[in-house]
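In case you want the letters, here they are:
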Amino acid sequence: AADLPGASVHLVEPEGFEVHARSLAAGRRVAVDRTSGSICDALLSQMPGELTFEVNRRLVGGAHAVSDEAVLRAMGTAFEDLRMVVEPGGAVGLTALLDGMVPGTGPVVVVLSGGNVDPALFIEAIGG
């Protein structure tokens, strides 16, 4: 953020696991009872870590929740348009961007990560 003083950092989490968004809104770490229920298995946290929460409280300009269905569409878009295989948890940022959740008109940086995706789920994502 120091190198890009006008930048706004946004978090994206799977619906039902918006622990960072809920915690930022509450001003303290908030937990969820769920341990499963999303294809974004790499992001299924029940509560933000202490250090993570403190860093996010200072730097994050917004937090968003995305549905599994929207994540599948973003995974399909990543494959079709970018020729990238992206796992569900690694596609949440692209999902928020494609769904118009990211405000502003300037350049956007989206992290796409991981290729650890079940073949059947990936086929579903690419419309197979």
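Let us look at the structure shown here. (Residues numbered from 1 in each chain as written. Predicted model: local features only at pLDDT ≥ 70, side-chain atom pairs only at ≥ 80, totals over all residues. Heavy atoms only, no water.)

**A look at helix 3 (residues 68–82)**
Across its 15 residues, helix 3 extends 20 Å between first and last C-alpha, which sits within 8% of the 21 Å expected from 1.5 Å per residue. Along helix 3, the positions that sit buried rather than exposed are Asp-68, Ala-70, Val-71, Leu-72, Ala-74, Met-75, Gly-76 and Ala-78. On its buried face, helix 3 is in contact with strand 2 (60–66), helix 4 (92–98) and helix 5 (119–125). Just downstream of helix 3, Arg-83 is the residue with a positive phi angle, here 55°. (Helix = DSSP H or I, 4+ residues; strand = E, 2+ residues; numbered from the N terminus. Expected span 1.5 Å × (residues − 1). Buried < 20%, exposed > 50% of the residue type's maximum accessible area, 1.4 Å probe, protein only. Contact = heavy atoms within 4.5 Å.)

**Observations regarding the environment of Glu-80**
Among the secondary structure elements, Glu-80 is positioned in helix 3. The class for Glu-80 is partly exposed, based on a relative accessible area of 43%. Separated by 35 residues in the primary sequence, Glu-80 and Ser-45 place their C-alpha atoms 30 Å from one another.

**Regarding the environment of Gly-114**
Along the chain, Gly-114 falls in the loop between helix 4 and helix 5. On the basis of relative accessible area, Gly-114 is assigned to the partly exposed category, the value being 38%. In sequence terms Gly-114 and Asn-56 are 58 residues apart; their C-alpha atoms lie 23 Å from each other. Non-local contacts of Gly-114, meaning those with residues more than four positions away in its chain, are made with Val-85, Val-86 and Glu-87.

**Thoughts on the environment of Ser-45**
Secondary-structure assignment places Ser-45 in the loop between helix 1 (19–26) and helix 2 (50–59). For Ser-45, a relative accessible area of 26% translates into the label partly exposed. It is 9.2 Å that separates the C-alpha atoms of Ser-45 and His-20, two residues lying 25 residues apart in sequence. For Ser-45, the contacting residues outside a window of four places in its chain are Phe-17, Val-19 and Val-32.

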